[in-house]
Amino acid sequence: MIPMTLSRIAEIVGGTLHDVDDSSTQVTGTVEFDSRKVGPGGLFLALPGARVDGHDHAEAAVAAGAVAVLAARPVGVPAIVVPSVPNDGPSAVMLLEHDTDGSGAAVLHALGLVARAVVDELATDGTATDGGLTLVGVTGSAGKTSTKDLIAALLRERGEVVAPPGSFNNELGLPWTVLRADAKTRFLVLEMSARGVGHVGELTEIAPPKIGVVLNVGTAHLGEFGSREAIAVAKGELVEALPSAADGGVAVLNADDRMVAAMASRTKARIVFVGQSEDCDVRATDVVVDDQARASFTLNCSQGSARIRLAVHGEHHVSNALAAAAVALENGLAVEDIARVLEGTKAASARRMEVTERADGVTVVNDSYNANPDSMRAALKALVSMARSDRHFGRRSWAVLGEMGELGPESVVEHDAIGRLAVRLDVSKLIVVGTGRTSRAMHQGAVMEGSWGDESVVVPDAAAAIAILEAELEPGDLVLVKASKSVELWTVAEAILAATPGADGENTGSENTGSENNTGDENTDGENSGDSQ
């Protein structure tokens, strides 16, 4: 964060200083919502969590080095206090579900105001950033995090980049990321998520992008939006917020998704179409997939062409790579440099198509961070592609799948369709984890499509899935693990990887069949609930 005095922050947020001896004291460290992560010179955000209230940890944060707390009430230590907002019922913002008195909403709003002030200052300050900060926004139903990681890797060739870890992409994660930028930052790459119409627009008010990337319009969180058309409205808010072409605005749109391509009419920015269609500005041709489901393709654009072999797994990453390449081209990277960086960039965010091979040849594809129908289909296709390769030919493919959340009235239909797809793709073994209606629908879909015997089974929990795998896995098998984040199905992947194959190839298992999911619940559950669509 750029150094900023407490009096200046109070002025920005319309707050008052309490228990502050010197209003000229500067925040020079990071802004944190977990009191355990506060360091010298930092600013602590007092937000309500599931079990505790950040206001109760203000003293500990200051003792750890914070110069002040951004709070909704006096806390007995230096604080910038902002007035609470009226509480008219449950908040639509997921991370404010425990905000009973409007204090969390007030602090969150103030955080956004500080982030906007920092963006405005850095965007006009060209002393250390060669013309000022360039902000890139990325949205879409799937692939935001992977694409953000690719863009960040490419832009580091041109200067210092700030991008969020994982999926910090909502009303807390986005401004938190913005405040990591300082005078040396050349590029700020941000994910922008939505759980309803208007959410992306609100994020662009905090951090107005110059370049906007829209990847796709899918069915994630369909229950909250109501329709794909509503999802398209929400995603298109990003391109609506871009400056005009004359002012340098650029909209990177996936031409292979008709709903995304149609967003061209909603922006004054210059349009760059990416995809595999002939009329795309940045195009992929001659796409092939290797035995690890890594795609190779020829990148074609007006600046030239290059053959690229991606290091990330899954053919769906071709469109992500094209979008990242388009952003890089807009910022002056040569085609050959783009190819070099993309070929050397592996998955930077955890539990997203992580491919790991055990000593006995069992390969685990851990894609358990989150799931929606589109990403589930892509993962299943990647699994089958690997199983059918020359290297793995004749080995079995396992899909350990859990619930896809927030699909609304279409949930049963979508889960049934995934079960059917697993059979059509000839996945050897399907383990459906869960006891709810949707889990039964996935299993029943597989049965109705032609699964017989124990090709598809439904089990109550991760432990039961682990027990089956430990008993039945054979050397060389491939195992996909995927579900919505709330299912925590990564425990299955971790347990299988931790299991020690016996001398005869059998798995001897491990004492710990789960994982300690320490998300730092000391304040706001420590982990940003930034897995919105």
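Scroll up a little and you will see the structure.
Read on for an overview of the structure.

## Quick look at the overall build of the protein
Turning to step 1, where the next piece is worked out: Secondary structure summary: the protein contains 16 helices and 22 strands in total.
Turning to step 2, where the next piece is worked out: Counting across all 533 residues of the protein, residues that qualify as buried make up 58%.
Turning to step 3, where the next piece is worked out: Of the contacts formed within the protein by residues at least 6 apart in sequence, a portion of 66% connects residues at least 24 apart.

## Overview of the packing of helix α6 (residues 199–206) against helix α8 (residues 228–240)
Turning to step 1, where the next piece is worked out: One can describe the packing of α6 onto α8 by two numbers: an axis separation of 7 Å at closest approach and a directional angle of 20°. On the basis of the axis angle, α6 is roughly parallel to α8. Every pair of crossing elements has a handedness; the one defined by α6 and α8 is right-handed. Where α6 approaches α8, its residues His-199, Val-200, Gly-201 and Thr-204 are matched on the opposing element by Ala-234, Glu-237 and Leu-238.

## So, the pattern of salt bridges
Turning to step 1, where the next piece is worked out: The full count for this structure, using the stated rule, is 26 salt bridges.
Turning to step 2, where the next piece is worked out: For the salt bridge of Arg-294 with Asp-290, the shortest nitrogen-to-oxygen distance reads 2.9 Å. In terms of burial, Arg-294 and Asp-290 fall into one category: buried.
Turning to step 3, where the next piece is worked out: Between Arg-351 and Glu-494 there is a salt bridge, and its shortest N-O distance comes to 3.6 Å. One end of the pair, Arg-351, is in the loop between α11 (335–344) and β17 (354–357); the other, Glu-494, is in helix α16 (residues 490–498), and 143 residues separate them in sequence.
Turning to step 4, where the next piece is worked out: What makes Arg-351 partly exposed here is its relative accessible area of 22%.
Turning to step 5, where the next piece is worked out: With a relative accessible area of 29%, Glu-494 lands in the partly exposed category.

## Remarks on the sheet that holds strand β7 (residues 79–81)
Turning to step 1, where the next piece is worked out: Read from one edge to the other, the open sheet built from five strands follows the order β2-β7-β6-β5-β4, with strand pairing classed as mixed. The open sheet has two free edges, formed respectively by β2 (16–18) and β4 (31–32), since each of these has just one partner strand.
Turning to step 2, where the next piece is worked out: Direction of pairing for strand β5 (residues 43–45) relative to strand β6 (residues 68–71): parallel, over a ladder of three bridges. Residue pairing in the sheet places Leu-45 in a bridge with Leu-70 of β6.
Turning to step 3, where the next piece is worked out: The sheet contacts of helix α3 (residues 103–124) involve β4, β5 and β6, and relative to β6 the element is tilted by about 115°.

## Structural notes on the side chain of Ser-397
Turning to step 1, where the next piece is worked out: By the secondary structure assignment, Ser-397 is in strand β19 (residues 397–401).
Turning to step 2, where the next piece is worked out: In contact with Ser-397, not counting residues within four places along its chain, are Leu-383, Ala-387, Asp-426, Val-427, Ser-428, Lys-429 and Leu-478.

## Description of the pairing of strand β11 (residues 211–214)
Turning to step 1, where the next piece is worked out: Residues Ile-211 and Val-213 point to one face of β11 and Gly-212 and Val-214 to the other, with burial holding for every one of them.
Turning to step 2, where the next piece is worked out: In this sheet, β11 lies alongside strand β8 (residues 134–139) in parallel orientation, the contact comprising four bridges. The partner of Thr-139 across the bridge, within β11, is Val-214.
Turning to step 3, where the next piece is worked out: Where β11 and strand β12 (residues 250–254) come together, four bridges link them in parallel fashion.

## Description of the side chain of Glu-32
Turning to step 1, where the next piece is worked out: Looking at the element boundaries, Glu-32 is found in strand β4.
Turning to step 2, where the next piece is worked out: Assessed through its relative accessible area of 6%, Glu-32 is described here as buried.
Turning to step 3, where the next piece is worked out: In this structure the side chain of Glu-32 is engaged in a polar contact, spanning 2.6 Å, whose partner is the side chain of Arg-180.
Turning to step 4, where the next piece is worked out: With residues near it in sequence (within four places) discarded, Glu-32 still touches Lys-37, Val-38, Leu-43, Phe-44, Leu-45, Trp-176 and Arg-180.

## Notes on the sheet that holds strand β14 (residues 282–289)
Across a sheet, strands are paired by hydrogen bonds formed along the backbone, either parallel or antiparallel in direction.
Turning to step 1, where the next piece is worked out: The strand order across the open sheet formed by nine strands is β9-β10-β8-β11-β12-β13-β14-β15-β16, and the pairing between neighbours is mixed. A single partner strand is all that each edge strand has here, and the edge strands are β9 (160–162) and β16 (304–313). Strand-to-strand twist across the sheet, computed as the mean angle between neighbouring axes with direction ignored, equals 20°.
Turning to step 2, where the next piece is worked out: Strand direction decides the pairing type here: β12 and strand β13 (residues 270–275), joined by five bridges, are parallel. Considered in β13, the bridge of Val-250 is made with Arg-270.
Turning to step 3, where the next piece is worked out: Strand contacts of helix α4 (residues 144–155): β8, β9, β10 (185–191) and β11, with the helix running at about 170° to β10, the strand carrying the most contacts.

About the thresholds
Residues numbered from 1 in each chain as written. Predicted model: local features only at pLDDT ≥ 70, side-chain atom pairs only at ≥ 80, totals over all residues. Heavy atoms only, no water. Helix = DSSP H or I, 4+ residues; strand = E, 2+ residues; numbered from the N terminus. Buried < 20%, exposed > 50% of the residue type's maximum accessible area, 1.4 Å probe, protein only. Contact = heavy atoms within 4.5 Å. Axes fitted to C-alpha atoms, helices over the stretch in contact; angles between N-to-C directions. Parallel < 35°, antiparallel > 145°, perpendicular 65-115°, else oblique. Left-handed = near helix turned anticlockwise from the far one by under 90°. Salt bridge = Lys/Arg side-chain N within 4 Å of Asp/Glu carboxyl O. Pairing = 2+ DSSP bridges. Polar contact = N/O pair within 3.5 Å; in protein donor to acceptor, adjacent residues only side chain to side chain.

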